[in-house]
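Okay, here's what each chain looks like letter by letter:
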Amino acid sequence: MLSSQRLSGQESNLVYKPIEGLQGPCVSSLDEEHRKKMPCIQAIGQCYPDYEFTPETFEKLYCGDKFPYDDKIKDWVRKLVHNSGIETIPSSVNPAQFDEPALPYDPEVPVDEHNLYRRAKDPWCPTTKERSLVWEKFAPKLTIGAAKDVIREWGGDPTTITHVITNTSSGTHMPGLDLAVVDALGLKNVRQRICVDNTGCYGSFSALTVAQAFCAAEPDAVVLVTCTEVCSVHINKHSKNRSEILGNIIFGDGATSAILSAGKPGDWQMSPIRMVTAPPSTRDYVSVKLTDEGYLLYLSKFLAPCLHTAIKPMWRDMLKDSLGVKDSHDCDWAVHPGGKAVINVFHQDDMEVNLSKDDLEPSWESLRHHGNLAAPSILLVIKAALERTKDTGKDKVFVIGFGPGMVIKYYGLTRKE
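Per-chain numbering applies: the sequence of each chain, read as written, is numbered from 1 onward. Local features in this predicted model are restricted to residues of pLDDT 70 or higher, and side-chain atom pairs are both shown and tallied only at a pLDDT of 80 or more, whereas totals for entire chains, interfaces and linings draw on every residue. Heavy atoms from the whole structure form the basis of all side-chain values; hydrogens and water molecules are not counted.

Structural notes on the environment of Pro404
Considering the arrangement of structural elements, one finds Pro404 in the loop between strand E13 (396–403) and strand E14 (407–415). Setting aside residues no more than four positions away along its own chain, Pro404 makes contact with Thr199, Gly200, Cys201, Tyr202 and Val286. Each helix is a run of H or I in the DSSP string that is no shorter than four residues. Each strand is a run of E no shorter than two, and both are numbered from the N terminus. In what follows, residue pairs with any heavy atoms lying within 4.5 Å of each other are defined as contacts.

Right, here's the structure in full:
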């Protein structure tokens with residue numbers, strides 16, 4: 001029977017009040033019991049495409065005659081790409097095509113990574129369908145590659161994997177990347193598989209939250225998590241302002257992965273993943289919208305100031321909650337490499353975090369060689385941070401990231417007793 005409830009004409013005696021200020025973190029009344037069931041990260045894997053973009057790649061596109069920008073925008077792009085802290089960005093798209101003139105449009109010529117932009121009917125601006133064809137080619141390959149890499153790192157039997165969770169925000173296809181992994185690896189004992197998509201830069205946090213729930217519910221669970229992005233297909237010459245252009249320039253392609261299970265003493269055990277949501281006025285600070293020319297990636301100039309305002313009064317409580325420590329130097333740090341301005345938030349004097357560039361080297365190194373991979377990035381930083389503990393002698397790592405919303409997520413990693 002159809003409900004009589006319709007969008008028009010709704011009436012209610014309930015009064016819904018808008019959220020003011022930061023919302024969260026909200027903690028379960030059973031939190032202490034929940035913590036005991038938290039899984040350990042057994043291994044982290046990665047996979048990248050064969051090509052890469054450099055600052056010079058973007059300078060050719062935006063500062064030459066291919067994209068319709070004025071001298072003011074061109075000068076801004078030159079400064080941006082050469083002062084971004086990014087040296088290379090992995091790309092599924094072959095940048096050699098940007099050195100050639102546009103091809104006469106011929107719909108009979110198949111689209112691929114070598115001609116995606118060059119063969120477009122609107123020169124250098126493919127349609128969403130054309131971009132999707134390249135995404136559909138590389139997203140499964142990268143996901144499968146990262147899954148194979150983490151299994152090698154883990155050294156366990158892949159037939160013992162019980163759950164598969166995949167994440168992406170740069171494209172879509174049904175069936176999803178979860179089935180691509182299960183089919184390619186022959187994972188015949190998977191009880192549940194799930195796609196946790198469209199969560200942007202905090203995508204790995206979302207996927208790992210689901211993994212934590214699986215492990216808490218089934219103590220024998222072995223969970224494979226993958227995060228994949230193919231952002232190189234979404235460069236758009238019709239981006240209207242600097243926030244949209246920035247979204248085109250800093251995001252890269254790649255996949256990272258993790259194996260989670262109950263673990264044993266000495267393994268890196270997670271704390272519950274927490275979430276803090278900024279007020280509704282920040283909803284568009286980080287956004288992705290589907291257009292006729294692919295995804296429009298938007299990064300507001302207010303992003304870093306918003307993070308500063310949100311984290312400054314809370315970071316000590318975050319450390320205490322996730323790791324049981326009070327001082328920033330009681331642990332190593334893994335900060336999402338969302339851009340130079342984002343990482344620099346944690347170096348500002350008034351934050352009183354007192355972290356040097358060396359303290360955040362895993363984040364800076366990831367930004368330098370991979371740009372912002374969105375969801376895959378933080379697992380790459382965590383992998384480097386865990387390696388770093390061999391030199392620092394610390395047994396705790398604090399992990400923090402953010403994404404569309406604005407949403408901030410964090411958790412801790414501690415050696416299991």
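Remarks on the packing of helix H3 (residues 71–82) against helix H7 (residues 242–250)
Interaxial angle, 0 to 180 degrees, is taken between N-to-C directions of lines fitted to C-alpha atoms, where a helix line uses only the stretch in contact. Packing of H3 against H7 brings their axes to within 12 Å, and their N-to-C directions diverge by 40°. Between H3 and H7, the angle is such that the two are oblique. Considering how the two elements wind past one another, H3 and H7 form a crossing that is right-handed. Residues Lys72, Ile73, Trp76, Val77, Leu80 and Val81 of H3 lie in contact with H7, whose contacting residues are Arg242, Ile245, Leu246 and Ile249. Residue composition of the contact of H3 with H7, by class: 8 nonpolar, no polar and 2 charged. Here is the rule for angles: anything less than 35 degrees is roughly parallel, anything more than 145 is roughly antiparallel, 65 through 115 is roughly perpendicular, and the remaining ranges are oblique. Each helix crossing is assigned a hand: it is left-handed if the near helix lies turned anticlockwise from the far helix by less than a right angle, otherwise right-handed if that turn is clockwise. In this count, Pro and Cys sit with the nonpolar residues alongside Ala, Val, Leu, Ile, Met, Phe, Trp and Tyr, while Asp, Glu, Lys and Arg are called charged and the others, Gly among them, polar.

Regarding the pairing of strand E10 (residues 286–291)
Sheet topology note: the E10/strand E11 (residues 294–299) ladder contains 6 bridges and is antiparallel. Counted as the bridge partner of Val288 is Leu297 from E11. At least two DSSP bridges between two strands are required for those strands to pair. Turn length for the E10-E11 hairpin, with the two strands adjacent in sequence and antiparallel, is 2 residues.

Regarding the nonpolar core
What is meant by a nonpolar core is a set of buried Ala, Val, Leu, Ile, Met, Phe, Trp, Tyr and Cys residues, joined one to another through side-chain atoms within 4.5 Å. Only protein chains enter the accessibility calculation, which uses a 1.4 Å probe; a residue whose area is less than 20% of its type maximum is buried, one above 50% is exposed, and one in between is partly exposed. Among the nonpolar cores identified, the biggest contains 76 residues, and Tyr62 and Trp333 are the most heavily contacted of them. Discounting chain neighbours no more than four positions away, the residues touching Trp333 are Trp315, Leu319, Ser328, Phe346, Val353, Leu355, Asp359, Leu360, Ala385, Val397 and Phe398. Judged by nonpolar contacts, the second largest core, of 33 residues, contains Ala211, Ala221, Val381 and Ala385.

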